[in-house]
Amino acid sequence: MKLDGAIDRIQPSRLGAVGAGTIAAYGLWSHRSLDAFLAGESAAESLGVPVARMRRTTFLVAAFSTAILVSVAGVIGLSD
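Reading guide: rules and limits
- Residues numbered from 1 in each chain as written.
- Predicted model: local features only at pLDDT ≥ 70, side-chain atom pairs only at ≥ 80, totals over all residues.
- Heavy atoms only, no water.
- Helix = DSSP H or I, 4+ residues; strand = E, 2+ residues; numbered from the N terminus.
- Buried < 20%, exposed > 50% of the residue type's maximum accessible area, 1.4 Å probe, protein only.
- Core = buried A, V, L, I, M, F, W, Y, C linked by side-chain atoms within 4.5 Å.
- Contact = heavy atoms within 4.5 Å.
- Salt bridge = Lys/Arg side-chain N within 4 Å of Asp/Glu carboxyl O.

Participant: Can you tell me about the environment of Glu-45, naming the residues and giving the values?
Facilitator: Residue position: Glu-45 is located in helix α3 (residues 41–46). Exposure remark for Glu-45: the relative accessible area of 54% places this residue in the exposed category. Along the backbone, Glu-45 and Ser-33 are 12 residues apart, and their C-alpha atoms lie at a distance of 9.7 Å.

This is the structure:
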């Protein structure tokens, strides 16, 4: 069984919708906290943003959106 993936085998609209939808939903859901991070972590914490939780949540969203995109597109660059 060959496990190589390629972006040309999937529909671009499907890939874009999954990736952009996940990231946009998170961005819209937590835009105020992410805006507070633009001023720095100490400023965000003084504004009441739970810094550790936001950092962990942002990391998990990035990891899961990457996993979704890889599961849709397949692994790229793997050859026998």
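Participant: Go over the nonpolar core, please, and point to the residues and values.
Facilitator: Grouped together as the largest cluster of nonpolar side chains are 6 residues: Tyr-26, Ala-36, Ala-44, Val-49, Val-51 and Met-54. Not counting the four nearest positions on each side in its chain, Ala-44 is found in contact with Ala-36, Phe-37, Val-49 and Val-51.

Participant: Now, about the pattern of salt bridges: what can you tell me, with residues and values included?
Facilitator: All told, the structure shown has 1 salt bridge when counted by the stated rule. The salt bridge partner of Arg-55 is Glu-41, with a shortest N-O separation of 2.9 Å. One end of the pair, Arg-55, is in helix α4 (residues 51–73); the other, Glu-41, is in helix α3, with 14 residues separating them in the sequence.

Read these as layout, nothing more, since geometry by itself doesn't imply function.
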